Amino acid sequence: MEASSSSLASSLAFKTALNLSAASLDDSTSDRLLTKFQALASHHNLTASEMSDNWDAYSMSNDDAVHSESNFNAFRTFLTKALEKKSSTAKSAPKSIEGKSTLVTKVDNKRKNSQVNPMGSPPSNSKAKLAAGITRVSTSPAAAYEDRKNVGQVVAHFNTQLDEKKVDLNLVTGGRVGPSISGITDFGTNVEQKYRYMFTTLPERAKALDTHLVSLGKEMASTFDMKDLCPIGEPRTDTVKVIGRVCNEAHEGKLNKTTIMLEGSRHEAGGQRIFMNCDELKTFSVFPGQVVGVEGKSPSGRKMIASKICEGVSKPMVKTKAGELLKLQHSGEGQDGQPLSVFAAAGPFTTNQNFDFEPMADLLAVVGRLRPDVVVLSGPFVPADHPAAKNGAVQMVSEDGEKLTVTFENIFSEKFAKLLEDTFLDHPDLPTQFVLVPSIDDAFHDNVFPQAPFKDRVENGESLDLPGAEGIVNGSLGLQYVEEAGREGQEQSTRTKRVHCVSNPCTFKINDVVFGITSVDPLFSLTTQDCSANINRMARMAQHLIQQQSYYPVFPPPKQANLDLRHLGKVKMPVTPDVLLVPSKLAPFCKEVLGSLVVNPQQLSKGSTGGTFATITIHPMPREELEKAGEGVEMPHKVAERARVQVQKI
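Each value, and the rule that gives it
- Residues numbered from 1 in each chain as written.
- Predicted model: local features only at pLDDT ≥ 70, side-chain atom pairs only at ≥ 80, totals over all residues.
- Heavy atoms only, no water.
- Pairing = 2+ DSSP bridges.
- Helix = DSSP H or I, 4+ residues; strand = E, 2+ residues; numbered from the N terminus.
- Axes fitted to C-alpha atoms, helices over the stretch in contact; angles between N-to-C directions.
- Buried < 20%, exposed > 50% of the residue type's maximum accessible area, 1.4 Å probe, protein only.
- Phe/Tyr/Trp six-rings, centres within 6.5 Å; stacked < 30°, edge-to-face > 60°.
- Lys NZ or Arg CZ within 6 Å of the ring centre and 35° of its normal.

S.K.: For this particular structure, what's the right way to read the sheet that holds strand β4 (residues 236-248)?
M.R.: Consider a sheet: its strands pair through backbone hydrogen bonds, and that pairing is either parallel or antiparallel. Spatially, β4-β5-β6-β9-β8 is the arrangement adopted by the five strands of the closed barrel, whose pairing is mixed. The mean inter-strand angle of the sheet, taken between neighbouring strand axes irrespective of direction, is 55 degrees. The pairing of strand β6 (residues 273-277) with strand β9 (residues 303-310) spans three bridges and is parallel. Opposite F275, over in β9, you have K303 as the bridge partner.

So, in structure tokens, the structure goes:
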């Protein structure tokens, strides 16, 4: 009897996790697929939750594939290959952190392979040349990366009928090619400096969540003219409208149609929760933490039978006066009628075999050749889950061959920042500005969300007067050397800031274009938590971010997110961005969602091989259109209509 009950519970768990009770499946098909999924899970020793996560990954990579016999066969092949790859990666994981090559040799060789001129001697104030690496196991890490296939292949694109930005090196004047950018500015809503965390009390957390529910609820009610709202939990036999937060009845596991609950505000409903029945909804997508408006009936006050659902409301997009747009896009002080070029890439920027940052070196070679206006880089820069970082002690080798144990901060300074410095030494007239967004996976930065920008612990660093530590600068990220590289004799007042450190998440402007970015991967969290029916999942997940006015709307968040609710306001979107960058481990894509251009550049490095990055070319608005509108008329930016995007392999 106990075995029978256990089997029944297991079947129910699989059926719920994989959503096999969907209306599009008849009972016989659902039962056959359930049996097959259970057998496959048993063969690979996977739980229902793990099978659900793998199915989501397969479905997202195959145009939102639905449950069917043919898709199951394809999924079985996909799962087998994925598990085999994971197993082989684990077996070949490096076990030591003692490096053999020096930074000088590694970087020079790499740039020679990339047909980039040698960097030459560093400036006198440059940091000591050190190298970090890990012992080679079974296969050569360099070969694994350098032997990657389909270099430069475009894997996702948008508006390819528009022209790419062309660079004519004959036009180089005053150290710039083509357009200039007026600057990179934020909205004043981002985290500006580090703060104390792990000090948020339960009342503070409850107040932050309730404040968000009430404020977003008021915007929804005002925007959609939702009058005579009923408190959640009040019995009514007629059709009513309520606003609440979606919750999962189960403390663990994925949200499903039988566990959806609505939580009311503390003032109106005393925080009461009731079940929500979605059987009458033809299409919907909900997740824990989502603030929704629901129309339906609740005769008992314990369950809401939904007939309509409003999944949120977006913030307005920024408008700019036509005269200002003319100045930014068509004057000689601005873009001079040429496109704005932006690259976007996400970490890791080095393979899991070493800290040589080969993918980053190749990206910088492309930057030196194509000379984009801005490169947006989001972490992790020194991944905490890197095999060498997990050992807790990274050794670097000095020029005289001495092995030194250094901090993760030194890895960033001596490897990543040094690559930026060398790029500007090679191309002193390079006009590109870099935007650095931290990650909660960075080993040298605070593991809390939202995150403050990168900043030296000690301004410009300090050298420790200790045996074996000569030449190592501590407390600094080394970005001051990037600002100085190749600028000997240039007046300070004429210099453009090369590196901008911003918060995670961040909303900022490049000329007139509003960008929004977070490195916490909200898309992956949403896909593993949502309960939906008949939707385009990838576009809908991005839509959730915009309609919830948040860079991370999931609550409760997974353990690794470390969300500090006291600063929940810093996670909100002050406006709907023109371009929303959402780096994710999911398949790369670029789509227009609610007027915003949403881009997932994926990761620059995947395991021991290369990944992808995005190039965004934003054409100016027609001069005639701006002049005709009148100088004081506020114009929508319509960036999605005039932007060309390509996501390509490094």
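Moving on from the model shown.
S.K.: What is the right way to read the pairing of strand β11 (residues 340-346) from this model?
M.R.: The buried count for β11 comes to seven of seven residues, which makes it a mostly enclosed element. Side chains L340, V342, A344 and A346 project from β11 onto one buried face, and the interleaved S341, F343 and A345 project onto a second face that is buried too. Of the pairings in the sheet, the one linking β11 to strand β27 (residues 612-618) comprises five bridges and is antiparallel in character. Along β27, the bridge assignment pairs S341 with T617. Pairing analysis gives five bridges linking β11 to strand β12 (residues 374-378), with the strands arranged parallel. Opposite A345, over in β12, you have L377 as the bridge partner.

S.K.: Explain the packing of aromatic side chains to me, please; I cannot follow it from the model alone.
M.R.: The geometry of two aromatic rings is summed up by the distance between their centres and the angle between their planes. By the definition in use, this model includes 20 aromatic pairs. Their ring planes at 85 degrees and their centres at 5.1 Å tell us that F37 and F72 sit as a pair that is edge-to-face. Residue F37 is located in helix α2 (residues 27-44), and its partner F72 is located in helix α4 (residues 69-91); the two are separated by 35 residues in the primary sequence. Here the two residues F37 and F72 agree in accessibility, since each one is buried. Arranged with centres 5.5 Å apart and planes meeting at 70 degrees, the rings of F381 and F454 form a pair that is edge-to-face. Separated by 73 residues along the polypeptide, F381 in the loop between β12 and α11 (387-390) and F454 in the loop between β15 (433-437) and β16 (462-463) bring together distant segments of the chain. The same class applies to F381 as to F454, namely buried. Each residue in the set F349, F355, F357, F381, F412, F416, F444 and F454 is aromatic and connected to the rest through ring pairs, giving one cluster. Over the ring of F199 we find R196; its NZ or CZ atom is 4.0 Å from the centre of that ring. When the ring centre of F524 is taken as reference, the NZ or CZ atom of K585 above it lies at 4.6 Å.

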